[in-house]
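One letter stands for each residue in the lines below.
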Amino acid sequence: QVQLVESGGGLVQAGASLRLSCAASGRTFRSTAMGWFRQTSVQERKFAVAIRFEDDSTYYTDSVRGRFSISRGNASNTVVLQMNSLKPEDTAVYYCAAVDKYYINYHLPSAYDYWGQGTQVTVSS
């Protein structure tokens, strides 16, 4: 059983920063990549960022590039998402995702096998 636990969401004003963390656990689980997707009440779940652990390659959707940064956490199977210069349009539920396969399309939700419960990020104007 693989479990992903997210933390760090909250309510901030535009221009502020937030830091999200995600930890994946499971007795024999070793993720090859982890990512963050976000979803609103009017939009389907969309890709935000991902990191491939093989070489620490990172992937960003255009709207967050230069403002968000994903990195490995201190423990294995963990990632940290640093979000700076937040905008109201960043408001969403942020979901952590993990996969233990290679050669996937990191932008697709269907590429990931494991998901967290989501954490709310709200940015007020």
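Residues numbered from 1 in each chain as written. Predicted model: local features only at pLDDT ≥ 70, side-chain atom pairs only at ≥ 80, totals over all residues. Heavy atoms only, no water.

**Q** Describe the pairing of strand 1 (residues 3-7), listing the residues and the values that go with them.
**A** Side chains L4 and E6 of strand 1 all project onto a buried face; the interleaved residues Q3, V5 and S7 project onto a face where none is buried. Examined bridge by bridge, strand 1 and strand 3 (residues 18-25) share five bridges and lie antiparallel to one another. Bridge pairing in strand 3 places S7 opposite S21. (Buried < 20%, exposed > 50% of the residue type's maximum accessible area, 1.4 Å probe, protein only. Helix = DSSP H or I, 4+ residues; strand = E, 2+ residues; numbered from the N terminus. Pairing = 2+ DSSP bridges.)

**Q** Tell me about the nonpolar core, and name the residues and values.
**A** Considering soluble globular proteins, one finds that nonpolar side chains tend to be buried as a cluster. Ranked by internal contacts, the top residues of the largest apolar core, which has 27 residues, are W36, V49, F68, L81, M83 and Y94. Among the elements of the structure, strand 3, strand 4 (33-39), strand 5 (46-52), strand 7 (68-72), strand 8 (78-83), strand 9 (92-99) and strand 11 (119-124) are those that each provide at least two residues to this core. With sequence-adjacent residues up to four places away left out, L81 is seen in contact with L18, R19, L20, W36, V49, F68, S69, I70 and Y94. F37, F47, A50 and Y106 belong to the second largest nonpolar core, which has 10 residues in total. (Core = buried A, V, L, I, M, F, W, Y, C linked by side-chain atoms within 4.5 Å. Contact = heavy atoms within 4.5 Å.)

**Q** Lay out the layout of surface pockets in plain terms, naming residues and giving numbers.
**A** Put simply, the largest pocket is a space of about 250 Å³. Contributing to the lining of the largest pocket are 15 residues, with R38, Q43, K46, S63 and E89 lying nearest its centre. Of the residues contributing to the lining of the largest pocket, the split by class is two nonpolar, six polar and seven charged. There is about 190 Å³ of room inside the second largest pocket. As for the second largest pocket, its lining consists of R30, S31, T32, F53, E54, R72, G73, A75, S76, N77, T78 and Y102. (1 Å grid on protein atoms, 1.4 Å probe; cavity = no way out; pocket = protein on both sides within 12 Å on 5 of 7 lines; lining within 4 Å. Points joined across faces, edges and corners; volume = space filled by probe spheres on them. Nonpolar A, V, L, I, M, F, W, Y, C, P; charged D, E, K, R; others polar.)

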